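Given next are the chains, with one letter for each unit.
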Amino acid sequence: TFSGKAEKRLLREEAARALEELFAKANQEGIQLYGVSGYRSYHTQKVLYEGYVKTQGAEHAARYSALPGKSEHQTGLAIDVAGSDRSTLLEEPFANTR
């Protein structure tokens, strides 16, 4: 869902290979998936979390974002994946889709 050089494009090799397999299998089944956000530095996670707190409150931030230093994204082993249907873009109903 993004282009150019950006840290969110980065993953550790084992995570990248698993993601490629997931996308290939989904594609075989006619499902289009997109990588949304992979690696995040401590600074990026801090800015993201603090932004959620500022715009939507601490309770929302605690539910939808990890504290800096506690995010699996900082390991390079996690990536947010979304479907092609905008209603499933990083929303809980995505878990119930094919």
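Q: Just give me the short version of the overall build of the protein chain, but keep the residues and values in it.
A: Helix and strand content of the protein chain: 3 helices and 2 strands. Secondary structure elements of the protein chain, listed N to C terminal, follow the sequence α-β-α-α-β. For the protein chain, the residues scored as buried account for 23% of the 98 residues in total. At a minimum sequence separation of 6, the contacts of the protein chain that also span at least 24 residues come to 64%. Here the protein chain has roughly 7,000 Å² of accessible surface; of this, 51% comes from carbon and sulfur atoms.

Q: Account for the side chain of Arg-40, with residues named and values stated.
A: Within the element layout of this structure, Arg-40 appears in the loop between strand S1 (33-37) and helix H2 (42-56). Separated by 3.2 Å, the side chains of Arg-40 and Ser-37 make a polar contact. In this structure, Arg-40 is in contact with Glu-7, Gln-45, Leu-48, Ser-71, His-73, Gln-74 and Asp-80, ignoring residues within four places of it in sequence.

Q: Any details on H2? Residues and values, ideally.
A: Between its first and last C-alpha, H2 extends 21 Å over 15 residues, near the 21 Å set by a 1.5 Å rise per residue. Positioned one or two residues after H2, Gly-57 has a phi angle of 95°, which is positive.

Q: Help me get a handle on the confidence of the model for the protein chain, residues and values and all.
A: Overall, the predicted model of the protein chain reaches an average pLDDT of 88, with 86% of residues at or above 70. Highest mean pLDDT in the protein chain belongs to H2 (96); lowest belongs to strand S2 (residues 80-83) (86).

Q: Kindly report on the environment of Leu-33, identifying the contributing residues and their values.
A: Checked against the element boundaries, Leu-33 lands in strand S1. Exposure remark for Leu-33: the relative accessible area of 13% places this residue in the buried category. Distance from Leu-33 to Val-81, taken between C-alpha atoms, is 6.7 Å for residues 48 residues apart in sequence.

Q: Now, about the side chain of Ser-65: what can you tell me, with residues and values included?
A: Within the fold, Ser-65 resides in the loop between helix H3 (58-64) and S2. Exposure remark for Ser-65: the relative accessible area of 9% places this residue in the buried category. Looking at Ser-65, its side chain comes within polar contact range of the side chain of Gln-45, at 3.3 Å. Each residue touching Ser-65, except ones within four places of it in the same chain, is listed here: Gln-45, Leu-48, Tyr-49 and Tyr-52.

Quick notes on the rules
Residues numbered from 1 in each chain as written. Predicted model: local features only at pLDDT ≥ 70, side-chain atom pairs only at ≥ 80, totals over all residues. Heavy atoms only, no water. Helix = DSSP H or I, 4+ residues; strand = E, 2+ residues; numbered from the N terminus. Buried < 20%, exposed > 50% of the residue type's maximum accessible area, 1.4 Å probe, protein only. Contact = heavy atoms within 4.5 Å. Areas by Shrake-Rupley, 256 points an atom, 1.4 Å probe, with all protein chains shown as cover. Polar contact = N/O pair within 3.5 Å; in protein donor to acceptor, adjacent residues only side chain to side chain. Expected span 1.5 Å × (residues − 1). pLDDT = per-residue confidence, 0-100.

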